[in-house]
Amino acid sequence: MMGTRGCAAFLITLLAIAFIMTPVMAAQQPGPVKIGVLLPLTGPDAKKGMHLYEGIVTARSLKPEISGSPVNIIPADTESTREGTVNAMKRLLEEQKVLAVIGEAGPDNTRAASTLSEKADIPLIVPAVHEDHLTRDCEYLFRTCLSDSALSSASAWYAVKKLGAKNAAVLVDIADEGSVRRAMVFKKHFSDLGGKIVAVAYCQSGDVDVNVPLEYVISQKADVIFLPEKYREVILACSRALEAGYKGHIMTTDHADRRQLIERGGPSVDGVLMIDHFDIRALQTALGQAYAEQFGNQTGKELNRENALGADAYFSLREALERTESHKGSAIRKVMASGDEFTGIMGRIVLSPGGEAKRAAVVLRVRNDEFTYLETINPEPGMM
């Protein structure tokens, strides 16, 4: 038997071993992976911000770990302002030491956040800002949604390849820089695909009388009229086209708010085609089906576009983090810019070294005061 002195010595030895091993064992325990979420949760943009946030939080609940480590979502409210964005981004980077950030919801605030993420070498994943040139001159900014140009080129591709359009007319809102840009892209891609632009007319946001430019567009009897405007101008154009007996196709993009288009447009917008990011009837992946079910169970609501885009940003970032050799910003950026596929709820997402996404889009048509799903178009060479 071991004497009292021997027992004491043995106990001291065990405690010493435990003391030495504790840091090693602790180091082996996976720590949380901290992801910042930079969104307008208050202020005028809060509705969009909350939809995106709901989507991200639900995605995290479905896939809560990265390589065995729990994911901590750390929200930071930008208050829908540039100053609020800068302050919130600094908190995420300097105080919370996040590995990456998902956000923001508007172009100006995203640029403000990007300035800080570039200096810190921390990836910024943008879920739902479509404006072109957002990723220009940025190494650490990645957009998981489609740009305005991508949506417009997809519209031109669909018009030629699926509708069989030989000629097209375009109505441009000269007071809306986005409308001008979308129109330019549509015209170029439609022409590149062998189509002919037979008319381009101009209006201005807020005009009550747009009959003159509309009558010119309609008089050219184009197979398709492309309307890269907000919902109000789209409704005015559709009403005039209906009165004039226009028989061709009318197309727009998700720049025209779906709900407002239906509620305010009534029968005049029946038949309008829209190229958009998401429709719940178009879920292509097992991940998408599981996510939609999870979202419904957690929120009691039906999944919308912003929810889905928020989820895609989370799933893409999570997959990149799983593939990295380290969680340094430069390593994460290398994986995200590699051209490899990530799995989103609508299908594959491929990010270019320049930060732009190639992904599926959906084609919707207004029928009897609701949007019906027609088909999914996957990116092809020259489409987006």
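This write-up is about the structure you can find in this document. (Residues numbered from 1 in each chain as written. Predicted model: local features only at pLDDT ≥ 70, side-chain atom pairs only at ≥ 80, totals over all residues. Heavy atoms only, no water.)

Time to look at empty space enclosed by the protein. A complete count under the given rule lists 1 cavity of 30 Å³ or more for this structure. Lining the largest cavity are Leu 214, Val 217, Ile 218, Ile 225, Leu 227, Ala 237, Cys 238, Ala 241 and Ile 250. Mapped by element, the contributors of at least two residues to the lining of the largest cavity are helix H7 (211-219) and helix H8 (231-243). Here the residues of the lining of the largest cavity sort into 9 nonpolar, no polar and no charged. (1 Å grid on protein atoms, 1.4 Å probe; cavity = no way out; pocket = protein on both sides within 12 Å on 5 of 7 lines; lining within 4 Å. Points joined across faces, edges and corners; volume = space filled by probe spheres on them. Helix = DSSP H or I, 4+ residues; strand = E, 2+ residues; numbered from the N terminus. Nonpolar A, V, L, I, M, F, W, Y, C, P; charged D, E, K, R; others polar.)

Take helix H10 (residues 286-299) next. Along its 14 residues, H10 runs 20 Å from first to last C-alpha, staying within 8% of the 20 Å computed at 1.5 Å per residue. Within H10, burial applies to Leu 287, Gly 288, Tyr 291, Ala 292 and Phe 295. Down the axis of H10, the buried side of the element spans an arc of 130 degrees, and every buried residue falls inside it. In H10, the exposed residues that point more than 90 degrees away from the buried face are Ala 286, Glu 293 and Asn 297. Turning to H10, the residues buried within the fold contact helix H2 (46-62), helix H11 (305-323) and strand S12 (341-344). Positive backbone phi, approximately 75 degrees, marks Gly 300, located one or two places after H10. (Expected span 1.5 Å × (residues − 1). Buried < 20%, exposed > 50% of the residue type's maximum accessible area, 1.4 Å probe, protein only. Arc of directions from axis to C-beta. Contact = heavy atoms within 4.5 Å.)

Once that is clear, we can look at the layout of surface pockets. There is about 1600 Å³ of room inside the largest pocket. Where the lining of the largest pocket is concerned, the elements lending two or more residues are H2, helix H4 (107-120), helix H6 (177-192), helix H9 (258-265), H11 and strand S16 (370-377). The class makeup of the residues in the lining of the largest pocket is 13 nonpolar, 9 polar and 26 charged. In this model, the second largest pocket occupies a volume close to 280 Å³. Considering the residues around the second largest pocket, the lining is formed by 16 residues, among which Tyr 246, Gly 248, Ile 250, Asp 270 and Gly 271 are closest to the centre. Every element with two or more residues in the lining of the second largest pocket is listed here: H8, strand S10 (249-253) and strand S15 (361-367). Per-element tally for the lining of the second largest pocket: the top contributor is H8, with 3 residues. Grouping the constituent residues of the lining of the second largest pocket by class yields 8 nonpolar, 5 polar and 3 charged.

Moving on to the environment of Lys 90. Checked against the element boundaries, Lys 90 lands in helix H3 (residues 82-95). In this structure the C-alpha to C-alpha distance between Lys 90 and Ala 76, which are 14 residues apart in sequence, comes to 9.8 Å. Setting aside residues no more than four positions away along its own chain, Lys 90 makes contact with Glu 95 and Leu 116.

Our focus in this paragraph is the sheet that holds strand S8 (residues 196-203). What links the strands of a sheet is backbone hydrogen bonding, and the strands pair in either a parallel or an antiparallel sense. On the basis of which strands lie adjacent, the open sheet formed by 7 strands has the order S8-S7-S9-S10-S11-S15-S16 and mixed pairing. Only two strands of the sheet have a single partner each, and these edge strands are S8 and S16. The mean inter-strand angle of the sheet, taken between neighbouring strand axes irrespective of direction, is 25 degrees. The strands touched by H9 within the sheet are strand S11 (273-276), S15 and S16, with S16 carrying the most contacts at an inclination of about 140 degrees. (Pairing = 2+ DSSP bridges. Axes fitted to C-alpha atoms, helices over the stretch in contact; angles between N-to-C directions.)

Within strand S1 (residues 33-39), 6 of the 7 residues are buried, leaving the element largely enclosed by the surrounding structure. In the sheet, S1 pairs with strand S3 (residues 69-77) via 7 bridges, with the strands oriented parallel. The partner of Leu 39 across the bridge, within S3, is Asp 77. Bridge analysis of S1 against strand S4 (residues 100-103) gives 4 bridges, and the strand direction is parallel. The residue of S4 that forms the bridge with Val 37 is Ile 102.

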